[in-house]
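Here's the letter readout for the chains.
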Amino acid sequence: CKTKVAPIKRLTVPHLELCGAHLLANLLHHIQEILNIPSSKVFAWTDSTVVLSWLVGSPRRFKTFVGNRISSIMELTSPSQWHHVSSPHNPADCASRGLFPSELLQHHLWWNGPEWLRESKIEWPQEACRREGDLFARFGHRYNTRNRIGNSRFSHQLSRALRVVECVLIRT
């Protein structure tokens, strides 16, 4: 795990999470090259479902800040390498949630990660929310917001609403 101080310029939480994913992608790529590890054996974890949804889409549809980082992440990793980890199982949250360094020395999650990570991949928790694109893959002919309302400011809001509805349907 790596913890990094937020930049001086104010960024939204999703933007900070994206910066963390960008840092992770760079670290993973560097380690893969040094140790000659195949991509199929490398997994990237984030507790940000927003970042996961951004990583599935085209970088061109986002503003410059997000689009540039997504492009860079996608050059270094593939979307299939990225997975969701819930906050209670996320070792990175230990350092950012107010534990003292002396407490981290004895913190099991910090040093070992979640217990389920030692199980086979089949035993890992299912993703809490499917990534953006799943709804469009299944119902694209019905929910193509670009065809329905063009590139107006509402197309993004409708896409976001559809992702929320999909998450609710999956969880129930």
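Anything mentioned here points back to the structure above.
Counting restarts for each chain, with residues numbered from 1 along the sequence as it is written. Thresholds applied to this predicted model are a pLDDT of at least 70 for local features of residues and 80 or more for the giving and counting of side-chain atom pairs; totals over whole chains, interfaces and linings are not thresholded and use all residues. By convention in this description, side-chain values take in all heavy atoms of the structure and omit both hydrogens and water.

> Please clarify how the overall build of the chain should be interpreted in this entry.
By definition, any uninterrupted DSSP run of H or I lasting at least four residues is a helix, any uninterrupted run of E lasting at least two residues is a strand, and each is numbered from the N terminus. Of regular secondary structure, the chain possesses 9 helices and 2 strands. Going residue by residue from the N terminus, the α and β elements of the chain occur as α-β-α-α-β-α-α-α-α-α-α. Long-range pairs, those at least 24 residues apart, make up 62% of the contacts in the chain between residues at least 6 apart in sequence. Taken as a whole, the chain presents about 11,700 Å² of accessible surface, with 57% of it coming from carbon and sulfur. Two residues form a contact once any of their heavy atoms are found within 4.5 Å. The protein chains shown are the only cover counted for residues, whose accessible areas, like all others here, come from Shrake-Rupley with a 1.4 Å probe.

> Looking at this model, I keep getting lost on the pattern of salt bridges. Mind explaining?
A side chain of one charge can pair with a side chain of the opposite charge if their charged atoms are brought near each other. Here a salt bridge means any side-chain nitrogen of Lys or Arg lying within 4 Å of a carboxyl oxygen belonging to Asp or Glu. Across all of its chains, the model carries 2 salt bridges by this definition. A salt bridge links Glu115 to Arg118; the nearest nitrogen and oxygen atoms lie 3.4 Å apart. Residue class for Glu115 comes out partly exposed when judged on its relative accessible area of 48%. Partly exposed describes any residue whose relative accessible area lies between the buried limit of under 20% and the exposed limit of over 50%, with all areas from a 1.4 Å probe on protein chains only and scaled to the type maximum.

> I keep staring at the packing of helix H1 (residues 13-35) against helix H2 (residues 49-56) and nothing clicks. Help me out?
The axes of two packed helices give the description: the angle between them and the distance between them. Contact geometry of H1 with H2 gives a least axis separation of 9 Å together with a crossing angle of 65°. Two packed elements cross with a definite hand, and for H1 against H2 that hand is right-handed. Seen from H1, the contacting residues are Pro14, His15, Glu17, Leu18 and Ala21; seen from H2, they are Val50, Val51 and Trp54. Under the grouping applied here, Gly and all other residues not named as nonpolar or charged are polar, the nonpolar ones being Ala, Val, Leu, Ile, Met, Phe, Trp, Tyr, Cys and Pro and the charged ones Asp, Glu, Lys and Arg. Of the residues that constitute the contact of H1 with H2, the class distribution is 6 nonpolar, 1 polar and 1 charged. Comment: axis = line fitted to C-alpha atoms, over the contacting stretch for helices; angle = value between 0 and 180 degrees taken between N-to-C directions. When the near helix sits turned anticlockwise from the far one by under a right angle, the crossing is termed left-handed; a clockwise turn instead gives a right-handed crossing.

> Which parts of the structure should I look at to understand the environment of Gln81?
On the secondary structure map, Gln81 appears in the loop between helix H3 (64-76) and strand S2 (82-84). The spacing of Gln81 and Ser39 is 42 residues in sequence and 7.7 Å in space, taken between C-alpha atoms. Residues in contact with Gln81, not counting those within four places in the same chain, are Gln32, Ser39, Val42, Phe43 and Ala44.

> Where do I start with unusual backbone geometry in this structure?
Backbone geometry follows two general trends: most residues other than glycine have a negative phi, and most peptide bonds adopt the trans configuration. A positive phi is found at Asn36, a non-glycine position, where the angle reads about 55°. Examined against the element boundaries, Asn36 turns out to sit in the loop between H1 and strand S1 (44-46). For Asn36, a relative accessible area of 67% corresponds to the exposed category.

> Looking at this structure, I do not really get the environment of Ser48. What am I missing?
You can see Ser48 is positioned in the loop between S1 and H2. On a C-alpha basis, the gap between Ser48 and Glu17 in space is 6.6 Å, while along the polypeptide they are 31 residues apart. Every residue in contact with Ser48, bar those within four places of it in the chain, is listed here: Glu17 and His84. Throughout this description, a polar contact denotes any pair of N or O atoms lying within 3.5 Å of each other; where both atoms belong to protein, one of them has to be capable of donating a hydrogen while the other can accept it, and for residues adjacent in sequence the pair is counted only when both atoms sit in side chains. Engagement of the side chain of Ser48 in a polar contact is seen with the backbone nitrogen of Val51, the distance being 3.1 Å.

> I would appreciate a short explanation of the nonpolar core in the present structure.
Taken as a class, soluble globular proteins show a tendency for nonpolar side chains to be buried jointly. Only buried residues count toward a nonpolar core. Its members are Ala, Val, Leu, Ile, Met, Phe, Trp, Tyr and Cys residues joined through side-chain atoms within 4.5 Å. Counting residues in hydrophobic clusters, the biggest one holds 16 residues, and the most contacted among them are Leu18, Val51, Trp54, Val66, Ile70, Ile73 and Trp82. Taken together, the elements giving at least two residues each to this core come down to H1, H2 and H3. Ignoring any residue separated from it by four or fewer positions in sequence, one finds Trp54 in contact with Pro14, His15, Leu18, Phe62, Val66 and Ile70.

> Any chance you could explain the side chain of Thr46 here in plain terms?
Mapped onto the elements, Thr46 comes out in strand S1. A relative accessible area of 7% places Thr46 in the buried class. Not counting chain neighbours up to four residues away, the residues in contact with Thr46 comprise Glu17, Leu52, Trp82, His83, His84 and Val85.

> For this particular structure, what's the right way to read the packing of aromatic side chains?
Aromatic ring pairs are defined here through the distance separating the ring centres and the angle between the ring planes. By convention, a stacked pair of Phe, Tyr or Trp rings (six-membered ring in the case of Trp) has centres within 6.5 Å and planes under 30 degrees apart, an edge-to-face pair has planes over 60 apart, and any other such pair is tilted. In this structure the tally under the stated criterion is 5 aromatic pairs. Measuring from centroid to centroid gives 5.2 Å for Trp45 and Trp124, while their planes differ by 65°, and the two rings are edge-to-face. Of this pair, Trp45 sits in strand S1 while Trp124 sits in the loop between helix H6 (108-112) and helix H7 (134-143), and the two are 79 residues apart along the sequence. Look at Trp124 and you get buried, because its relative accessible area is 10%. Their ring planes at 65° and their centres at 5.9 Å tell us that Trp54 and Phe62 sit as a pair that is edge-to-face. A single burial state applies to Trp54 and to Phe62, both of which are buried.

That's the geometry; what it means functionally is another story.
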